Amino acid sequence: MSNKKEYKRITVKSLVEMKTTGEKISMLTAYDYTMAKIVDGAGVDIILVGDSASNVMAGHETTLPITLDQMIYHASSVVRAINRSLVVVDLPFGTYQSDPKEALRSAIRIMKESGGHAVKLEGGKEIKDSIKKILNAGIPVMGHLGLTPQSIYKFGTYTVRAKEEEEAEQLLKDAKMLERIGCFAIVLEKIPAKLAKQVAESVSIPVIGIGAGADVDGQVLVLHDMIGMTHEFNPRFLRRYMNLFETMTESIGQYVSDVKSSAFPNAEEQY
Ligand code: KIV
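We now turn to the structure provided with this report. (Residues numbered from 1 in each chain as written. Predicted model: local features only at pLDDT ≥ 70, side-chain atom pairs only at ≥ 80, totals over all residues. Heavy atoms only, no water.)

With respect to the packing of aromatic side chains
Next, step 1: In this structure the tally under the stated criterion is one aromatic pair.
Next, step 2: Stacked on the ring of Phe155, the Lys or Arg Arg161 has its end atom at 3.9 Å from the ring centre. (Phe/Tyr/Trp six-rings, centres within 6.5 Å; stacked < 30°, edge-to-face > 60°. Lys NZ or Arg CZ within 6 Å of the ring centre and 35° of its normal.)

Here we look at the site of the ligand
Next, step 1: Surveying the vicinity of the ligand reveals the residues Thr29, Leu48, Gly50, Asp51, Ser52, Asp90, Lys120, His144, Glu189, Ile210 and Val222.
Next, step 2: Take Asp51: an N or O atom from its side chain is 3.0 Å from an oxygen atom of the ligand.
Next, step 3: Lys120 places a polar side-chain atom, nitrogen or oxygen, 2.9 Å from an oxygen atom of the ligand.
Next, step 4: Burial of the ligand by the protein chains amounts to 95% of its free accessible area of 260 Å².
Next, step 5: A class-by-class count of the residues in the shell around the ligand yields three nonpolar, four polar and four charged. (Near = heavy atom within 4 Å. Polar contact = N/O pair within 3.5 Å; in protein donor to acceptor, adjacent residues only side chain to side chain. Areas by Shrake-Rupley, 256 points an atom, 1.4 Å probe, with all protein chains shown as cover. Nonpolar A, V, L, I, M, F, W, Y, C, P; charged D, E, K, R; others polar.)

Examining helix H4 (residues 68–79)
Next, step 1: Helix length check: H4, at 12 residues, gives a terminal C-alpha distance of 16 Å against a target of 16 Å (1.5 Å per residue), a fit within 8%.
Next, step 2: By the criterion of burial, H4 is predominantly enclosed, with nine of the 12 residues buried.
Next, step 3: Here H4 has its buried residues at Leu68, Met71, Ile72, His74, Ala75, Ser76, Ser77, Val78 and Val79.
Next, step 4: Looking at the buried positions of H4, the neighbouring elements they touch are helix H2 (33–41), strand E2 (46–49), helix H3 (53–56), strand E3 (86–90) and helix H5 (100–114). (Helix = DSSP H or I, 4+ residues; strand = E, 2+ residues; numbered from the N terminus. Expected span 1.5 Å × (residues − 1). Buried < 20%, exposed > 50% of the residue type's maximum accessible area, 1.4 Å probe, protein only. Contact = heavy atoms within 4.5 Å.)

Regarding the sheet that holds strand E8 (residues 218–221)
Next, step 1: Reading around the barrel, the eight strands line up as E1-E2-E3-E4-E5-E6-E7-E8 and close back on themselves, with parallel pairing between neighbours. Ignoring which end each strand starts from, the neighbouring axes of this sheet average 25° apart.
Next, step 2: Taken together, the two bridges between strand E7 (residues 207–210) and E8 define a ladder with parallel strand orientation. Residue pairing for E8: Ile208 is matched across the bridge by Gly218. (Pairing = 2+ DSSP bridges. Axes fitted to C-alpha atoms, helices over the stretch in contact; angles between N-to-C directions.)

Structural notes on the packing of helix H6 (residues 128–136) against helix H8 (residues 165–181)
Each packed pair of helices is defined by two parameters, the angle between the axes and the distance between the axes.
Next, step 1: Where H6 contacts H8, the axes come no closer than 10 Å and their chain directions differ by 25°. Relative to H8, the element H6 lies roughly parallel. The two elements H6 and H8 meet at a crossing, and its hand is right-handed. Along its contact with H6, which presents Lys128, Ile131, Lys132 and Leu135, the element H8 presents Met177, Leu178 and Ile181.
Next, step 2: In terms of residue class, the contact of H6 with H8 is made up of five nonpolar, no polar and two charged. (Parallel < 35°, antiparallel > 145°, perpendicular 65-115°, else oblique. Left-handed = near helix turned anticlockwise from the far one by under 90°.)

Next comes the structure, spelled out in C-alpha cells:
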C-alpha cells in the first residue's frame, strides 16, 4: 500500500504533511507556459521558476545577470499553465541582499505581478532579517543552503560544499534557524549525503535535495538537464530521463533535409 495521498492542489501545508507521512516530494524547474503545462500535468508537486533561467533560457554563464522583471515574466508564464503544482519563484541576485525592505519589495512584486505562490532565497544567517521581513508579510519562503550559485564568485567553483566540519556545522545551524523563523521548506544543493540526512532529521520542514543524496524529503532537478536538452552539463547527481538533445537534433535535421528536397510539404499538407 502506498502512502501517497491525492492532493488536488499543492500548498505549503501539503508539503509538511508529506514529510510527516513519508511521501517524497517531487520538484522540477520550469520557465515557460508550454513546459510548465507538461510538468504540472505529469504530477510534479513543486515547480521552481529558478534563476537557473539565466543559464538555461538566456545562455548566461552564471545566475547573476537575470533581473527581477525577467523572473516575473518567466513566473507569470508558468503560473498561467498550472492546475495543481505549487509555484516557487527565485528572488534573483541583487534584489534581497542589501536590506530587508528591498527584499520585501522584491518579494511583493513577484507575488503581485506573477501570481507565484512562494519565493526562494539563497543563504543563511546573513539574510535572516530579509527572510523574516518577507515572512511577516505573509509570503511563504523556501530557503536554499549548500551550493548557492548566486555566490559563485565567493566560492570560485561549483564543487561540493560543506565537506569541512566548520561549514557543515554552520549549515546545520542555518537550517534550524530557517525552520525556527518560519520557512516552509529548504533546498540543499550539492552537499554530502550524510550531512543532508542529518539536516532532514533535525528539522520538521521538508528538505529538498539536489546532489544531496536520497535521505531527504524530496528531490529537485533542472528540467532541461533531466530531459537531456542540455548535454554539456554532467554532474554525478544528474539522472537524464531522456536524450532530447539528440532526438531534437535528429528531427530538426530531418525537417531541414525534407525542406531542401521538397519532401515537405506533401499533397496532404497543403490547401
Ligand atoms: O535555480 C534553480 O534552478 C535552483 C535549483 C538548482 C534548486 O535553484
